[in-house]
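Chain by chain, the residues run as shown.
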Amino acid sequence: MRELTRIFRRYSRNFPTSGSPFYGALAERLADALEAGSELGGLFAPWADFDVAALMDDNTVLRFYGALHDLALSGDEPAFTESFPTRSRPVGDPPAAWVELQRVLVEHHDRLAAFMSHEPQTNEVRRSACLLGGFLTVAQETKQPLRVFEMGASAGLNQFWDRFHYDFGDGGAWGNPASPVRIRSDWRGAAAPFEAPLQVIERAACDRRPVRLADPLERRRLMAYLWPGQFERFDVIGPAIDAARTWGAEVEVADAPAWVAATAAPMPGAATVVYHSIFWHYMPPQSQAAARVAIEAHGAAATPDAPFAWLGMESDPTERYQTKLRLRLWPGGDERTLATVSGHGAWTEWRAALT
Ligand SMILES: C[S@@+](CC[C@H](N)C(=O)[O-])C[C@H]1O[C@@H](n2cnc3c(N)ncnc32)[C@H](O)[C@@H]1O
């Protein structure tokens, strides 16, 4: 448990600066408890042999917090729920939460352990604000309507990126002002081609394990991975879930490389766009290679009348894990970095030169 103690100490410093002082305060108490010999109800037994790197890779701590938040959101333990942050008390009540936590760890062991057996799975709607400039670039340069195919779509909320309204502050605005999904995100640097004529004529999405929005428990699971107190994320995901259910979100159960090979070939009269956000590194290297082969084969088949684009918003390990928006557009297919963006979609720093 020494490794886990170190990780909780690390999180106790990181959570407050990245948006959840409440989780930070609990992390400090959890580290103290581990140091004093507690096994936290045995919930971490499946990770007992993991070193620090493996614990981080497996998102062990985020699984744990997700399980706690899910219990709080369920309302099944009212005193525990009441200790969490609210809009009128954004820091929550960590001392009360700690008292409750020690009890629920034991009384709800099986339920929490079952939740933790699932890998964390979010669907961050504000990432659409970062992807938007890429779609507009394809529309402007090809002058074609778009067919859009999302790999690793989770609940599929971002497949409706063209129906949201975006407020970019000083960077302007884009989209339907009457949209139920309203996204606030900062725009820095040069302007994107916001005036490009845009029409989406086909949309599809896949995930190896889609979040089913029709299931209330899966909807709650999606919310549970948000951090309490991050109200700007809750404000977006709730309306996006409701809208996606109205608009008929569909996410196929599929492994992305095979799916993209089978579904996303270029087609005359439209620009076909394969896109993804914070997904690529979830695939093992052989799947990444297979996806690349499929995408490049579609690119090689593209013509001026049937262009093909690959748009990715991913963290770049070669650039200190900054998140980049990159585009390849065929015929041609040269890679360009369109923007540096925030991983959760809070801002986009658009590059002036597009090549
Ligand atoms: C971090 S989530 C990102 C979800 C969404 N793109 C977003 O930005 O909110 C990564 C998603 O990729 C999915 N995934 C990972 N490997 C996959 C694969 N080989 N095929 C399809 N989906 C995959 C996971 O199930 C998960 O839903």
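Numbers given for residues are sequential positions, taken from 1 along each chain in its written order. The predicted nature of this model means local features are confined to residues of pLDDT at least 70 and side-chain atom pairs, given and counted, to a pLDDT of 80 or more, with totals for whole chains, interfaces and linings taken over all residues. The side-chain numbers reported here are obtained from all heavy atoms of the structure, hydrogens and water having been left aside.

Draft legend 1. Broad picture of the layout of surface pockets. By volume, the largest pocket amounts to about 1200 Å³. Here a cavity denotes grid points, spaced 1 Å and computed from the protein atoms alone, that fit a 1.4 Å probe unable to get out, and a pocket denotes an open set having protein on both sides within 12 Å along at least 5 of 7 lines; residues with an atom within 4 Å of a point are the lining. Lining the largest pocket are 41 residues, and of these Thr 122, Arg 127, Ile 278, Phe 279 and Tyr 282 sit closest to its centre. Elements with a contribution of two residues or more to the lining of the largest pocket: helix H4 (60–74) and strand S9 (308–316). Here a strand is any run of E in DSSP of at least two residues, a helix any run of H or I of at least four, and the numbering for each starts at the N terminus. For the lining of the largest pocket, the element with the most residues is H4, which contributes three residues. Start and end positions for the domains come from either an automated domain assignment or a database one. Here the lining of the largest pocket spans two domains, since at least three of its residues come from each of domain 1 (2–116) and domain 2 (127–350). When its volume is computed, the second largest pocket comes out at roughly 400 Å³. Grid points are joined across faces, edges and corners, and a volume is the space filled by probe spheres set on the points.

Draft legend 2. Representation of the pattern of salt bridges within the structure. Whenever Lys or Arg places a side-chain nitrogen within 4 Å of a carboxyl oxygen from Asp or Glu, that contact is recorded as a salt bridge. Under the definition given, this model contains 20 salt bridges. Among the salt bridges present, the one from Arg 63 reaches Asp 58, with a minimum N-O distance of 3.3 Å. Buried, partly exposed and exposed residues are distinguished by accessible area as a fraction of the type maximum, computed with a 1.4 Å probe on protein chains only: under 20%, between the cut-offs, and over 50%, respectively. With a relative accessible area of 24%, Asp 58 lands in the partly exposed category. Arg 336 is paired through a salt bridge with Glu 141; the nearest N and O atoms lie 2.7 Å apart. Highlighted residues: Arg 336 in strand S11 (residues 335–341) and Glu 141 in helix H8 (residues 127–142), separated in sequence by 195 residues. The buried category is assigned to Arg 336, whose relative accessible area is 12%.

Draft legend 3. Spatial organisation of the sheet that holds strand S3 (residues 173–175). Between any two strands, at least two bridges found by DSSP are needed for them to pair. With mixed pairing, the three strands of this open sheet are ordered in space as S3-S2-S4. Lying at the two open borders of the sheet, with one neighbouring strand each, are S3 and strand S4 (182–184). This sheet shows a mean twist of 15° between the axes of neighbouring strands, independent of strand direction. Where strand S2 (residues 165–167) meets S4, three bridges bridge the pair, whose relative direction is parallel. For His 165, the partnering residue across the bridge sits in S4 and is Arg 182. In this fold H8 packs onto S2, S3 and S4, with an angle of close to 105° to the strand it touches most, S2. Axes here refer to lines fitted to C-alpha atoms; in helices the fit is confined to the stretch in contact. Angles between the N-to-C directions go from 0 to 180 degrees. The contact definition used throughout considers only heavy atoms, calling two residues in contact when any of these lie within 4.5 Å.

Draft legend 4. Up close: the packing of helix H1 (residues 2–17) against helix H2 (residues 21–35). Contact geometry of H1 with H2 gives a least axis separation of 7 Å together with a crossing angle of 160°. For the element pair H1 / H2, the angle class is roughly antiparallel. Note on packing geometry: the crossing formed by H1 with H2 is left-handed. Only Pro 21, Tyr 23, Gly 24, Ala 27, Glu 28, Leu 30, Ala 31, Asp 32, Leu 34 and Glu 35 of H2 make contact with H1, whose side of the interface consists of Leu 4, Thr 5, Phe 8, Arg 9, Tyr 11, Ser 12, Phe 15 and Pro 16. All residues other than Ala, Val, Leu, Ile, Met, Phe, Trp, Tyr, Cys, Pro, Asp, Glu, Lys and Arg, Gly among them, are scored as polar; the first ten of these are nonpolar and the last four charged. A breakdown of the residues in the contact of H1 with H2 according to their chemical character gives eleven nonpolar, three polar and four charged. Roughly parallel means an angle under 35 degrees; roughly antiparallel, over 145; roughly perpendicular, 65 to 115; everything else is oblique. Two helices crossing with the near one rotated counterclockwise from the far one by less than a right angle form a left-handed crossing, whereas a clockwise rotation gives a right-handed crossing.

Draft legend 5. Summary view of the packing of aromatic side chains. Only rings of Phe, Tyr and Trp enter the pairing, Trp through its six-membered ring, and a pair is recorded when the two centres are within 6.5 Å. The plane angle decides the type: under 30 degrees is stacked, over 60 is edge-to-face, the rest tilted. Under the counting rule described, the total for this entry stands at 30 aromatic pairs. Between Phe 15 and Tyr 65, the aromatic rings sit 5.0 Å apart at their centres with planes inclined by 80°, giving edge-to-face as the arrangement. Placement of Phe 15 in helix H1 and of Tyr 65 in helix H4 is noted, with a sequence separation of 50 residues between them. Using a relative accessible area of 1% as the deciding quantity, one classes Phe 15 as buried. Seen in terms of ring centroids, Phe 22 and Phe 84 are 4.8 Å apart; in terms of plane orientation they differ by 55°. Their pairing is tilted. Here the residue Phe 22 occupies a position in helix H2, and Phe 84 occupies one in the loop between helix H5 (78–82) and helix H6 (94–107), the gap between them amounting to 62 residues. Of the two residues examined, Phe 22 and Phe 84, each falls in the buried class. Chaining the aromatic ring pairs together yields one cluster made of Phe 8, Tyr 11, Phe 15, Phe 22, Tyr 23, Phe 44, Trp 47, Phe 64, Tyr 65, Phe 80, Phe 84 and Trp 227. We note Arg 163 situated over the ring of Trp 247; from NZ or CZ to the ring centre the distance is 5.2 Å. Throughout this description, the term charge over a ring refers to an Arg CZ or Lys NZ atom that lies within 6 Å of the ring centre and within 35 degrees of the ring normal. When the ring centre of Phe 115 is taken as reference, the NZ or CZ atom of Arg 221 above it lies at 3.9 Å.

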